[in-house]
Amino acid sequence: MNNSSILIQLFSSPPAWATITAAAFLIPTLALSMYLLFEHLSAYKNPEEQKFLIGVILMVPCYSIESFVSLVNPSISVDCEILRDCYESFAMYCFGRYLVACLGGEERTIQFMERQARISVKTPLLQHSSDKGTVKHPFPINYFLKPWKLGPHFYQIVKFGIVQYMIIKAFTAILAVILEAFGVYCEGEFKPACGYPYMAVVLNFSQSWALYCLVQFYTVTKDKLAHIKPLAKFLTFKSIVFLTWWQGVAIALLCTFGLFKSPIAQGLQFKSSVQDFIICIEMGIASIVHLYVFPAKPYKLMGDRLPGSVSVLGDYSADCPLDPDEIRDSERPTKLRLPTPDVDTKSGMTIRESVRDVVIGGGGYIVKDVKFTVHQAVEPVEKGITKFNEKLHRISENIKKHDKDGRRTKDDSCITSSSPARRVIRGIDDPLLIGSVSDSGMSRGKKHRQKSGYTSAESGGESSSDQSFGGYQIRGRRWVTKE
């Protein structure tokens, strides 16, 4: 983004009709969203569910406010879009956590998946089952991923897939601010020298993977979540997250190739202004839908019971005959005395306590899940580095051993060449070859040597114990080679 475009954004403003239309949708959006929010805070009786449900509800007013501010002041459109996208990832995390809370928490969710896996194994072959307790992937993902087995492993994959989008979104938001400060972010421009196209690819993959994990989780748990009507909630949330992001990418592509030439686009001048104007309208519709999809009435009725005493006879009408057995049972003294609810006591929390639980309690879950996700991402890297170091250590040890053996062989060869060892060849008169030697044998050997002339002068004056024949030298009763 060059300096001229920045100056244009600073001193330009959207048309009056665009501002008035966006404000007309903004005001009812905020009113309806705040009404629904305070309804939940006043009926805050199920904190495990409502703390994350409130995070999903706040998505609509946050989108609407940020889009309107960006529309009125295009110079800060990048900052507003970054904040909007960050809250989008947080809302996706809250929606996933809300579904887990509706199932009873993480432990019960995992237990439910394990039961589903056991039931699937016992299902007859002619009936439909989830492929013996596994989650199969659609085409073409099935060529890259193996089926997921229901249980703790599947839950960890879904949890990692949702939380990783929140972490990557926050990281890319910080990176986008830095790149925008140096003028190389270029929002909506697909140029090699800009950072926007590369970050768009990473975010698209991360968001698609998070939504895919969420869809698989919904597919497995939709029957268990039937009491909250999960399909309407899922479609509403998915339409806000998925459509707003992809419509922004589509608008950027159409403007880049010069295909977006509608009067509205020409009047708004900027790609970001077109996106902001459309989001303001969409959030007005979403605020109405949220009233019916995420109502607070079920939580208002939760825990409210009419005070009164337990009575058996009072259940009968005037024309109905009384049962003698129940009359006799009613006259017995009760063994268990139930506490009578206090009419003056208000159930639930105050709005201040509810807000504190949403912020502090929800923040604790986020920190724990972020730690888990980072650990899951870092653990394979640590194992890989450890294996690589062990391999390098084995290679270095082998090299040292080879060098040591080479030096030892060289030293042994030097010793052998300097003083060659004599080869001992056993002769025919070796007592080890001819067996035991007796006294008569020794005398016969002496006579034989005297007759053979071993000690005569013809042998060159050598003694009987040191004579040579051919290439050998006789010393005593053994033959050795001559040096």
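Our structure's up above, just so we're on the same page.
So, a few notes on the structure that sits alongside this text. (Residues numbered from 1 in each chain as written. Predicted model: local features only at pLDDT ≥ 70, side-chain atom pairs only at ≥ 80, totals over all residues. Heavy atoms only, no water.)

Observations concerning the nonpolar core
- Ranked by size, the top nonpolar core spans 54 residues in total, and within it Met-92, Phe-154, Phe-217 and Phe-237 carry the most contacts.
- Contributing elements (two or more residues each) for this core: helix H3 (47-57), helix H4 (59-72), helix H5 (77-102), helix H6 (106-122), helix H7 (152-181), helix H8 (196-221), helix H9 (230-256) and helix H11 (271-293).
- For this core, the element with the most residues is H5, which contributes ten residues.
- Apart from residues lying up to four places away in sequence, Phe-237 is in contact with Val-56, Met-59, Ala-91, Met-92, Phe-95 and Leu-214.
- Counting residues in each nonpolar core, the second largest holds nine residues, with Val-78, Leu-179, Tyr-185 and Tyr-196 among its members. (Core = buried A, V, L, I, M, F, W, Y, C linked by side-chain atoms within 4.5 Å. Buried < 20%, exposed > 50% of the residue type's maximum accessible area, 1.4 Å probe, protein only. Helix = DSSP H or I, 4+ residues; strand = E, 2+ residues; numbered from the N terminus. Contact = heavy atoms within 4.5 Å.)

Describing the pattern of salt bridges
- Inspection of every chain in the model, using the stated rule, returns eight salt bridges.
- Between Asp-357 and Lys-51 there is a salt bridge; the shortest N-O distance is 3.6 Å. With Asp-357 in helix H14 (residues 351-418) and Lys-51 in helix H3, this residue pair connects regions lying 306 residues apart in the sequence.
- A salt bridge links Asp-369 to Lys-159; the nearest nitrogen and oxygen atoms lie 3.0 Å apart. Of this pair, Asp-369 sits in helix H14 while Lys-159 sits in helix H7, and the two are 210 residues apart along the sequence.
- Each of Arg-97, Glu-106, Lys-159 and Asp-369 takes part in salt bridges that share partners, so that together they form one network. (Salt bridge = Lys/Arg side-chain N within 4 Å of Asp/Glu carboxyl O.)

Some points on the environment of Gly-161
- Assignment of secondary structure puts Gly-161 in helix H7.
- For Gly-161, a relative accessible area of 0% puts it in the buried group.
- When the C-alpha positions of Gly-161 and Trp-209 are compared, they lie 6.4 Å apart, and in sequence the two are 48 residues distant.
- Not counting residues within four places of it along the chain, the set of residues in contact with Gly-161 comprises Trp-209, Ala-210 and Cys-213.

Remarks on unusual backbone geometry
- Following Phe-139, the chain continues to Pro-140 via a peptide bond in cis, the omega torsion being 0°.
- Considering the arrangement of structural elements, one finds Pro-140 in the loop between strand S1 (134-135) and strand S2 (148-149).
- Within the chain, Lys-229 stands out as a residue other than glycine whose phi angle is a positive 55°.
- When you line up the elements, Lys-229 lands in the loop between H8 and H9.
- Judged by its relative accessible area of 64%, Lys-229 is exposed.

Overview of a nonpolar patch on the surface
- Residues Met-34, Phe-38, Ile-351, Val-355, Val-359 and Ile-360 make up a contiguous nonpolar surface patch of roughly 530 Å² in combined accessible area.
- Counting residues per element, the ones that place at least two in the nonpolar patch are helix H2 (16-42) and H14.
- Ranked by residue count, the leading element in the nonpolar patch is H14, at four residues.
- Of note, Ile-360 is situated in helix H14.
- Judged by relative accessible area, which is 57%, Ile-360 ranks as exposed. (Patch = residues over 30% accessible without salt bridge, like charges linked within 9 Å, V, L, I, M, F, W, Y side chains within 5 Å. Areas by Shrake-Rupley, 256 points an atom, 1.4 Å probe, with all protein chains shown as cover.)

Let's talk about the side chain of Glu-88
- Following the sequence through the fold, Glu-88 ends up in helix H5.
- Buried Glu-88, no salt bridge; nearest opposite-charge side chain is Lys-169, N-O distance 4.6 Å.
- Of the polar contacts made by the side chain of Glu-88, one reaches the side chain of Tyr-63; its length is 3.0 Å.
- Residues contacting Glu-88, with those up to four places away along its chain left out, are Met-59, Tyr-63, Tyr-165, Gln-207, Val-241, Thr-244 and Trp-245. (Lys, Arg positive; Asp, Glu negative; His and termini not counted. Polar contact = N/O pair within 3.5 Å; in protein donor to acceptor, adjacent residues only side chain to side chain.)

What is shown is where atoms sit, not what they do.
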